[in-house]
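Geometric and topological summary
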2 protein chains.
Amino acid sequence: MSELAEIKDNFVTQWGALGSQWGINRTMAMIHALLLVSPNPLTTDEIMAELSVSRGNANTNLRDLASWGLIRQVIVKGERKDHYEAEKDTWKIFCIVARERKRRETEPASQVLKDCINRSKDLKTAEAKELHKQLTALNDFVMLANSIMEKVASKEQSTLLPKILKVLS
Amino acid sequence: MSELAEIKDNFVTQWGALGSQWGINRTMAMIHALLLVSPNPLTTDEIMAELSVSRGNANTNLRDLASWGLIRQVIVKGERKDHYEAEKDTWKIFCIVARERKRRETEPASQVLKDCINRSKDLKTAEAKELHKQLTALNDFVMLANSIMEKVASKEQSTLLPKILKVLS
DNA sequence: TTTAATTTTCAGAAAATACTGAAAATACGA
DNA sequence: TCGTATTTTCAGTATTTTCTGAAAATTAAA
């Protein structure tokens, strides 16, 4: 194996291990890493061979990655099999991940909070009022953080982050 | 069960279910939720009874929550058992979670990237240079996001977020 | 000390999650 | 249309994660 191939392989493997921490499964993280460092689109069979995973596993995770928008199908002339390539623009990757996290993490949390806030708003005891206050504070915060993420992730340009850093110092 | 108790119970249960999405286990999320809405500190036994979990499970997750800084032990005069209470300040909770995520998610990612960047920096082929470029772009971004989070989460005051929101509009 | 209350640990059980492999479905060229 | 290549699905299996319960360790009162 060439030095280059070894480095890539190492990257794919380690990225896969990190995936668990990120709440996405190992195979999904590895496929994403593999396509990120592949100079050309790959077929399901190539991915299966490279990562030693089954067809079912590869197929499922390719569709998931595509549904996130982190990879896309491309047509290769004269070939019948589907080929996949990764979105390589760092800023776009960030926006996709940010939106997905918002959708899967903060929005459901806010939903739960709102529901409890609503149900407690007419209760009169001191303890109920305290609960209402605590949950409202939490939810206001979650929603604020949410709207910041939404705005950041909707920008076309990545020049935004350096500006924010500047505001902070 | 009183209306208030029902609302709390609902909150604890749903928050526990959300925990999975957040990459923390159900019991840990439930204990945190329970202490968040409890007007007074609770003992391990009270938590076990309230959530129907074993002593081992309760103990392990209480220690984990304490090591994050999301809850703390408090002494109740005349009582021998440990009592626990949650940090209720929303901004502090946010800072803790942000730091923990940085530590567990972005820092290891950056480590992997740096390692591969280093190993590829002296290779001369076009493909190797492309790889080096791609990984560097990713890492620069991760580190930038990291330093923003670090700065945000190190502020004492929560008045920062509204300011950021203003900059964005 | 001794004894009893409390906390911690950890082996094994249970539950949740991920993966395989092959059958079914679909797409496409002849 | 038919036959073949390709993709998708999913029941069963393997792996990982979480939880239990009881024994071991610790703490503190008597």
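This section reports on the structure supplied with the text.

Reading the values: rules and limits
Residues numbered from 1 in each chain as written. Chains lettered and ligands numbered in written order. Predicted model: local features only at pLDDT ≥ 70, side-chain atom pairs only at ≥ 80, totals over all residues. Heavy atoms only, no water. Near = heavy atom within 4 Å. Polar contact = N/O pair within 3.5 Å; in protein donor to acceptor, adjacent residues only side chain to side chain. Nonpolar A, V, L, I, M, F, W, Y, C, P; charged D, E, K, R; others polar. Pairing = 2+ DSSP bridges. Helix = DSSP H or I, 4+ residues; strand = E, 2+ residues; numbered from the N terminus. Contact = heavy atoms within 4.5 Å. Buried area = accessible area lost by both parts, 1.4 Å probe. Salt bridge = Lys/Arg side-chain N within 4 Å of Asp/Glu carboxyl O. Buried < 20%, exposed > 50% of the residue type's maximum accessible area, 1.4 Å probe, protein only. Arc of directions from axis to C-beta. Axes fitted to C-alpha atoms, helices over the stretch in contact; angles between N-to-C directions. Phe/Tyr/Trp six-rings, centres within 6.5 Å; stacked < 30°, edge-to-face > 60°. Parallel < 35°, antiparallel > 145°, perpendicular 65-115°, else oblique. Left-handed = near helix turned anticlockwise from the far one by under 90°. Patch = residues over 30% accessible without salt bridge, like charges linked within 9 Å, V, L, I, M, F, W, Y side chains within 5 Å. Areas by Shrake-Rupley, 256 points an atom, 1.4 Å probe, with all protein chains shown as cover. Lys, Arg positive; Asp, Glu negative; His and termini not counted. Charge placed at Lys NZ, Arg CZ, Asp CG, Glu CD.

Close to DNA strand D lie 15 residues, the nearest being A:Asn59, A:Arg63, A:Asp82, B:Thr27 and B:Ser54. The sugar-phosphate backbone supplies 73% of the atoms of DNA strand D found within 4 Å of the protein. Here a phosphate oxygen of DNA strand D sits 2.7 Å away from a polar atom, N or O, in the side chain of B:Thr27. Residue B:Asn57 places a side-chain N or O atom 3.1 Å away from a phosphate oxygen belonging to DNA strand D. Here the residues of the surface near DNA strand D are counted per class, giving 1 nonpolar, 8 polar and 6 charged.

With that settled, consider the pairing of strand S3 (residues 83-86) of chain A. Within a regular beta strand, the side chains point alternately toward one face of the sheet and then the other, so they alternate between its two faces. Residue and element names in this part refer to chain A. Of the pairings in the sheet, the one linking strand S1 (residues 42-43) to S3 comprises 2 bridges and is antiparallel in character. The residue bridging Leu42 from the neighbouring strand is Tyr84, located in S3. Pairing analysis gives 4 bridges linking strand S2 (residues 71-74) to S3, with the strands arranged antiparallel. Bridging across to S3, Gln73 finds its partner in Tyr84.

Where interface size is quoted, it is often the accessible area lost as the parts come together. In this complex, chain A contributes 55 residues to the contact, which on the side of chain B involves 55 residues. Here chain A and chain B share an interface that buries about 5,300 Å² over both sides, 74% of which is from carbon and sulfur atoms. The three residues of chain A that bury the most area against chain B are A:Arg119, A:Phe141 and A:Leu168, which together make up 13% of that side's buried surface. Where chain A touches chain B, the interface holds 4 salt bridges. In this structure, B:Arg101 engages A:Glu105 in a salt bridge whose closest nitrogen and oxygen atoms are separated by 3.3 Å. If you look at where chain A meets chain B, you find 10 residue pairs in polar contact (both at pLDDT 80 or more). Broken down by secondary-structure element, the contributors of at least two residues to the side of chain A that touches chain B are helix H1 (3-22), helix H5 (90-120), helix H6 (126-154) and helix H7 (160-168) of chain A. Considering each element in turn, the side of chain A that touches chain B owes the most residues, 15 residues, to H5(A). For the side of chain A that touches chain B, a count of residues per class yields 33 nonpolar, 10 polar and 12 charged.

A few words on helix H7 (residues 160-168) of chain B. Taken together, the buried positions of H7(B) are B:Leu160, B:Leu161, B:Ile164 and B:Leu168. Down the axis of H7(B), the smallest arc covering the buried residues is 95 degrees, so these residues share one side. Looking at H7(B), the residues exposed on the side facing more than 90 degrees away from the buried face are B:Lys163 and B:Lys166. Elements in contact with the buried residues of H7(B): H6 and H7 of chain A together with helix H5 (90-120) and helix H6 (126-153) of chain B.

Here the focus is the protein's contact with DNA strand C. A:Thr27, A:Ser54, B:Asn59, B:Arg63 and B:Asp82 are the nearest of the 15 residues found near DNA strand C. In this structure, a phosphate oxygen belonging to DNA strand C sits 2.5 Å away from a side-chain N or O atom of B:Asn59.

Moving on to the sheet that holds S3(A). Residue and element names in this part refer to chain A. In spatial order, the strands read S1-S3-S2; together these 3 strands make up an open sheet with antiparallel pairing. Bordering the open sheet on either side are S1 and S2, each of which pairs with just one other strand. In the packing of helix H2 (residues 26-36) onto the sheet, the strands contacted are S1, S2 and S3, and the crossing angle to S3 comes to about 85 degrees.

Once that is clear, we can look at the sheet that holds strand S2 (residues 71-74) of chain B. The strands making up a sheet associate through backbone hydrogen bonding, with each pair oriented either parallel or antiparallel. All names here are of chain B. If you trace the 3 strands from one edge of the open sheet to the other, you get S1-S3-S2, paired in antiparallel fashion. At either end of the open sheet lies a strand with only one pairing partner, and these are strand S1 (42-43) and S2. Set on the sheet, helix H2 (residues 26-36) makes contact with S1, S2 and strand S3 (83-86); between it and S3 the angle comes to about 85 degrees.

Okay, the packing of aromatic side chains next. Between two aromatic rings, the relevant description is the distance of the centres plus the angle of the planes. Enumeration according to the criterion identifies 8 aromatic pairs over all chains in this entry. Centroid distance A:Trp91 to B:Phe141: 6.0 Å. Interplanar angle 70 degrees. Geometry classified as edge-to-face. On the criterion of chain membership, the pair formed by A:Trp91 in helix H5 and B:Phe141 in helix H6 is interchain, its members lying in two chains. On the basis of relative accessibility, which here comes to 14%, the residue B:Phe141 falls in the buried class. Look at B:Trp91 and B:Phe94: their rings are 5.3 Å apart centre to centre, the planes differ by 35 degrees, and that puts the pair in the tilted class.

Let us now look at the packing of H2(A) against helix H4 (residues 55-68) of chain A. Residues and elements named next belong to chain A. Where H2 contacts H4, the axes come no closer than 9 Å and their chain directions differ by 70 degrees. With respect to H4, the element H2 is oriented roughly perpendicular. Read as a crossing pair, H2 and H4 show a hand that is right-handed. Touching Thr27, Met28, Ile31, His32 and Leu35 of H2 are Asn57, Ala58, Asn61, Leu62, Asp64, Leu65 and Trp68, all from H4.

Here we come to the side chain of B:Ser38. Residues and elements named next belong to chain B. Turning to its location among the elements, Ser38 is positioned in the loop between H2 and S1. By relative accessible area, Ser38 is classed as buried at 9%. Not counting residues within four places of it along the chain, the set of residues in contact with Ser38 comprises Lys8 and Lys88.

With that settled, the discussion passes to a negative patch on the surface. Residues and elements named next belong to chain A. On the surface, a cluster of negative charge is made up of Glu3, Glu6, Asp9 and Glu50. The element best represented in the negative patch is H1, accounting for 3 residues. With respect to the secondary-structure elements, Glu3 resides in helix H1.

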